[in-house]
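# Structural features, examined
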Amino acid sequence: FDSRLSSRFSAHSLRQALPLRRSHRVAMPCFLTKFVAATALCALSALSEDPMMLDDACLPGDVACGLELLQRRAGVTRAAGSDAPGTSPGACPEALLVGEWLDQDAMGFLTVNIHLNVHPPAAGASCDGVNADIIMPSYLGAPVHYNVSMTPAADSTYTVKYYNPLANPPYFHEGTFDPATQTLTEDLGMLNGDTQLAPMAGAATTILTFKRVTE
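Residues numbered from 1 in each chain as written. Predicted model: local features only at pLDDT ≥ 70, side-chain atom pairs only at ≥ 80, totals over all residues. Heavy atoms only, no water.

## As for the state of the cysteines
In this structure the tally under the stated criterion is one disulfide. With its sulfur 1.7 Å from that of its partner, Cys-92 forms a disulfide with Cys-127. Torsion about the S-S bond of the Cys-92 and Cys-127 cystine: about -80°, corresponding to left-handed handedness. Of this pair, Cys-92 sits in the loop between helix H3 (63–80) and strand S1 (99–103) while Cys-127 sits in the loop between strand S2 (114–118) and strand S3 (130–135), and the two are 35 residues apart along the sequence. Of the residues examined, Cys-92 reaches a relative accessible area of 16% and is grouped as buried. (Disulfide = S-S within 2.5 Å. Helix = DSSP H or I, 4+ residues; strand = E, 2+ residues; numbered from the N terminus. Buried < 20%, exposed > 50% of the residue type's maximum accessible area, 1.4 Å probe, protein only.)

Dropping the structure here:
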């Protein structure tokens, strides 16, 4: 334990426990001395495990002690906020995708805009993906339903799986999500993780690159 904090805490506790007048002070019995010391050590042990309880450990007017405890509290706050970006504890990563996304001039075709709408998970649902719909110009086809799931990848990004369970046979495409740049992709040229598809005639790429639509 911090010896300076121990001495301050013990003295502070003792003055509160024994508010004797100076003229009536007497030697503390041995058993009481041991009790106060043990109490101080137990309190310090709790403080070391939870520094957010340190507010009352300094004596009034002890500026140095106060600054030291503020620094410890700041360290605890930083540590508490160092979890995976953008998600609360226990939340499914797919929750990061909920909302409307847009690929403008998709695959290099001017004025071809493709939307991806990712729906919120149902209350109490397990982390097995969220529902989403690809909406494209009608001359390119009807909307496509996906189950979208994510797994963590390198550099705080995610690998995204777009699974279409309604197709015959079912299939999936893959893509990426970068929370830092809010960029979501889907590679239409790779099917089921191992089959390379030819690009659409005139397309500059097989990859859809979505940006989040802001209100």
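What follows picks up the thread again.
## A word on the nonpolar core
Leu-97, Trp-101, Leu-116, Val-148, Phe-177, Leu-184 and Phe-210 are the most contacted members of the largest nonpolar core, which totals 26 residues. Listed by contribution, the elements that provide at least two residues to this core are S2, S3, strand S4 (144–152), strand S5 (158–164), strand S6 (171–178) and strand S10 (207–212). Sequence-distant contacts of Leu-184, that is, excluding residues within four places in its chain, are made with Leu-97, Trp-101, Leu-116, Val-160, Tyr-162, Thr-176, Phe-177, Leu-208, Thr-209 and Phe-210. (Core = buried A, V, L, I, M, F, W, Y, C linked by side-chain atoms within 4.5 Å. Contact = heavy atoms within 4.5 Å.)

## Remarks on a nonpolar patch on the surface
Judged by side-chain polarity, Tyr-139, Leu-140 and Met-200 come together as a nonpolar surface patch covering roughly 320 Å² of accessible area. Examined against the element boundaries, Leu-140 turns out to sit in the loop between S3 and S4. The class of Leu-140 is partly exposed, set by a relative accessible area of 33%. (Patch = residues over 30% accessible without salt bridge, like charges linked within 9 Å, V, L, I, M, F, W, Y side chains within 5 Å. Areas by Shrake-Rupley, 256 points an atom, 1.4 Å probe, with all protein chains shown as cover. Salt bridge = Lys/Arg side-chain N within 4 Å of Asp/Glu carboxyl O.)

## Thoughts on the side chain of Glu-186
In this fold, Glu-186 is placed in strand S7 (residues 183–187). An unpaired buried charge is present at Glu-186: no salt bridge exists, and Lys-161, the closest side chain of opposite charge, is 13 Å distant. Dropping the residues within four chain positions of it, Glu-186 is found in contact with Ile-134, Tyr-146, Tyr-162, His-173, Glu-174, Gly-175, Thr-206, Ile-207, Leu-208 and Phe-210. (Lys, Arg positive; Asp, Glu negative; His and termini not counted.)

## Focus on the environment of Pro-165
With respect to the element layout, Pro-165 can be found in the loop between S5 and S6. Between the alpha carbons of Pro-165 and His-145 there is a distance of 8.0 Å; along the sequence they are 20 residues apart. Apart from residues no more than four positions distant in its own chain, Pro-165 is found in contact with His-145 and Pro-170.

## Section: the sheet that holds S10
Within the closed barrel, the eight strands sit side by side as S1-S2-S3-S4-S5-S6-S7-S10. Their pairing is antiparallel. Taken pair by pair, the neighbouring strands of this sheet meet at an average axis angle of 30°, ignoring direction. Relative to S10, S1 runs antiparallel, the two being bridged by two bridges. The partner of Trp-101 across the bridge, within S10, is Arg-212. (Pairing = 2+ DSSP bridges. Axes fitted to C-alpha atoms, helices over the stretch in contact; angles between N-to-C directions.)

## Things to note about unusual backbone geometry
The omega angle of the peptide bond from Asn-168 to Pro-169 is 0°, so this bond is cis rather than trans. Mapped onto the elements of the fold, Pro-169 is located in the loop between S5 and S6. The residue Thr-111 is not glycine, and still its phi comes out positive at about 70°. Positionally, Thr-111 belongs in the loop between S1 and S2.

## Focus on the confidence of the model for the protein chain
Predicted coordinates in regions of low pLDDT should not be interpreted in detail. Averaged over every residue, the pLDDT of the protein chain is 73; residues scoring 70 or more account for 58%. Contacts from residues 35–56, a stretch scored under 50 in pLDDT, to residues over four places away or in other chains number 22 contacts. Contacts from residues 73–85, a stretch scored under 50 in pLDDT, to residues over four places away or in other chains number seven contacts. (pLDDT = per-residue confidence, 0-100.)

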